[in-house]
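Geometric and topological summary
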Amino acid sequence: MAAGTGGASGSEPLAGRVVVVGITGGIAAYKAVEVVSRLRRLGAEVHVVMTRAAARFVTPLTLQTISGNPVVTGLFSRVTRWNVEHVALAERADLLLVVPATANVVGKVAAGIADDFLTTTIMACRAPVVFCPSMNFRMYENPVFQANMARLTELGYHFIPPETGWLAEGTVGVGRLPDPARIVAEVVHLLQGDLSGRRVLVTAGPTREMIDPVRFISNPSSGKMGYALARAARARGAEVILVSGPTALAAPGGVELVRVESAEEMYRAVMERLPGVDLVLKAAAVGDWRPRRTHPTKVKKEGRTAWVLELEPTPDILAEVGRRKGKTVVVGFAAETEVSEPEVRAKMARKNVDLLVVNDVTRAEAGFASDRNQVTLFWPDGTREDLPLMTKEELAHRILDRVKPLLDRVKAPPGRREAAPGPVQAPPEIRRGE
Ligand code: PMT
């Protein structure tokens, strides 16, 4: 991915950024011309790749003129230089935008098929890939297409959903390409967010420790805090992996959602994905204890007057992340019914976290399942910050604001040099007690 270098100004927020625009064969292909034009006006260097079908809807010459660069088509005349070119373009891209994206291209990528210039470029691309699906509403609603989209979303691809409106075939339905201005705004957002180029892993929700197939031990976590963190990090341009226990919440768009049930499953999901992660936000309420034995069949009540369950500890995910973290910034959460600073500090040290977010879950309107939260942030340098009651969305952004300088300090953003290493400290305004 090209470095996010300077040069961006208010009028040219995309100066220095390389956007590869893939155009596939849908009637909305003509709108891609305006998308390209807008991207260029914002300062982006735009390279267009068209499929053979796209070239029947809009000419490569138009796109070449508007983008100011040669247009690559999926024609076999290019095959001799194919390998080198698609990889080079994929490497240079800060973002790859497929507009419009047909069911065909989405299906191919979901199936791992790379049989033309565009699909090979998508496959080789490490930068964010954004699909703008546009098609007949029956095709859009087809479970096969929906499953392909869900799979790609889970893998971290982004989708700008189509709108409901008048479709080319003369009916009203979902499948209309959004306005080019909206598509470009989303691109700017992804490229400009202060966490762009960062990989963030969030855990959310409760865990379930099964006693038998119909009973489990769990806790009241709704996942709202963790999902708010995932949405906020994604909105700020990060690539987000959300490892979630069972919740009733909708999957945040553009986020890789990994669903788990038990602490053991969460442990494995987190450890598998930890390499390459810049920031871990551990908002999940992980069960500390699980039954020593899970019964394979329902335990009958008849004949029992009491039932003594023997429990054993679950793996401590956060402590293990703390042990393996290297340069990854790690934020722990703690749900407490009485907040004792020495205990909090002992927990911080035990789990080797860079910041501990402590909820007093006895406070009204805060903590488990509510839409708001009130927390205190504890830093390893001995400082603390008591925050007022606010929505979980606001709190998520506040936490990210606090973590951002830490992230830049211990691990440079792509394309920048790292600052000198040193102990993790609270931001200066907190140390000064402002
Ligand atoms: O989900 P909501 O309804 O929105 O509620 C939000 C919340 C109250 C659950 C959240 O804000 C919160 O405080 N989460 C952490 C709750 C918790 O498990 O606290 P703890 O003190 O038991 O654990 C401390 C830390 O260790 C947590 O980051 C936890 O994820 C982690 N842990 C705990 C046990 C374990 N086996 N593995 C862990 O990783």
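Preceding this paragraph is the structure being described.
Treat the numbers as computed from the prediction; the structure is a model and nothing was measured. Residues take numbers from 1 onward in each chain, read along the sequence in its written order. Given that this is a predicted model, residues contribute local features only at a pLDDT of at least 70 and side-chain atom pairs are listed and counted only at 80 or more, while totals for whole chains, interfaces and linings are drawn from all residues. By convention in this description, side-chain values take in all heavy atoms of the structure and omit both hydrogens and water.

**Considering the site of the ligand**
A cutoff of 4 Å decides nearness: a residue is near a molecule or strand if any of its heavy atoms lies inside that distance of it. Surrounding the ligand, one finds 29 residues, the nearest of these being Ser-221, Ser-222, Lys-347, Asn-359 and Ala-369. A distance of 2.8 Å separates an oxygen atom of the ligand from a polar atom in the backbone of Gly-223. Within the complex, 96% of the 770 Å² of free accessible area of the ligand lies under protein. At the level of elements, helix 10 (224-235), helix 12 (317-324), strand 17 (329-336) and helix 13 (341-351) are the ones that each hand at least two residues to the shell around the ligand. With 4 residues, the single largest contributor to the shell around the ligand is strand 17. Counted as a polar contact is a pair of N or O atoms within 3.5 Å, where, for protein atoms, one must be capable of donating a hydrogen and the other of accepting one, and residues adjacent in sequence contribute only when both atoms are in side chains. Computed by Shrake-Rupley with a 1.4 Å probe, the accessible areas treat only the displayed protein chains as cover when residues are assessed. In this text, helices come from DSSP runs of H or I with a minimum length of four residues, and strands from runs of E with a minimum of two, each type numbered from the N-terminal end.

**Regarding the sheet that holds strand 21 (residues 384-386)**
Pairing between two strands is assigned when DSSP locates at least 2 bridges connecting them. Pairing within the open sheet is mixed, and its 8 strands lie in the order 13-12-9-14-17-18-20-21. A strand with exactly one partner marks an edge of an open sheet, and here the two such strands are strand 13 (256-259) and strand 21. Between one strand axis and the next, the sheet turns through 15 degrees on average, direction left out of account. Every angle, taken between N-to-C directions, lies between 0 and 180 degrees, and every axis is a line fitted to C-alpha atoms, over only the stretch in contact when it is a helix.

**Things to note about the packing of helix 5 (residues 103-111) against helix 6 (residues 117-124)**
Viewed as axis vectors pointing N to C, helix 5 and helix 6 meet at an angle of 45 degrees, and their least axial separation amounts to 10 Å. If you check the angle between helix 5 and helix 6, you find them oblique. For the element pair helix 5 and helix 6, the recorded crossing hand is right-handed. On helix 6, the residues that touch Val-105, Lys-108 and Val-109 of helix 5 are Leu-118, Thr-119 and Ile-122. Each residue is assigned to one of three groups, with Ala, Val, Leu, Ile, Met, Phe, Trp, Tyr, Cys and Pro labelled nonpolar, Asp, Glu, Lys and Arg labelled charged, and all others, Gly among them, labelled polar. Residue composition of the contact of helix 5 with helix 6, grouped by class: 4 nonpolar, 1 polar and 1 charged. Should an angle fall under 35 degrees it is called roughly parallel, over 145 degrees roughly antiparallel, and 65 to 115 degrees roughly perpendicular, with every other angle called oblique. If you view the pair so one helix is near and one far, a crossing is left-handed when the near helix is turned anticlockwise from the far one by less than a right angle, and right-handed when it is turned clockwise. Only heavy atoms enter the contact rule, under which two residues are in contact if any of them lie within 4.5 Å.

**What to know about the sheet that holds strand 1 (residues 18-23)**
Strand order in the open sheet made by the 6 strands is 3-2-1-4-5-6, with parallel pairing throughout. The sheet is open, and its two borders are formed by strand 3 (72-73) and strand 6 (158-159), each paired with just one other strand. Direction of pairing for strand 1 relative to strand 4 (residues 95-101): parallel, over a ladder of 4 bridges. Looking at the pairing, Val-20 lines up with Leu-96 of strand 4. Sitting on the sheet, helix 6 touches strand 1, strand 2 (45-50), strand 3, strand 4 and strand 5 (129-133), and the angle it makes with strand 4 is about 140 degrees.

Read these as layout, nothing more, since geometry by itself doesn't imply function.
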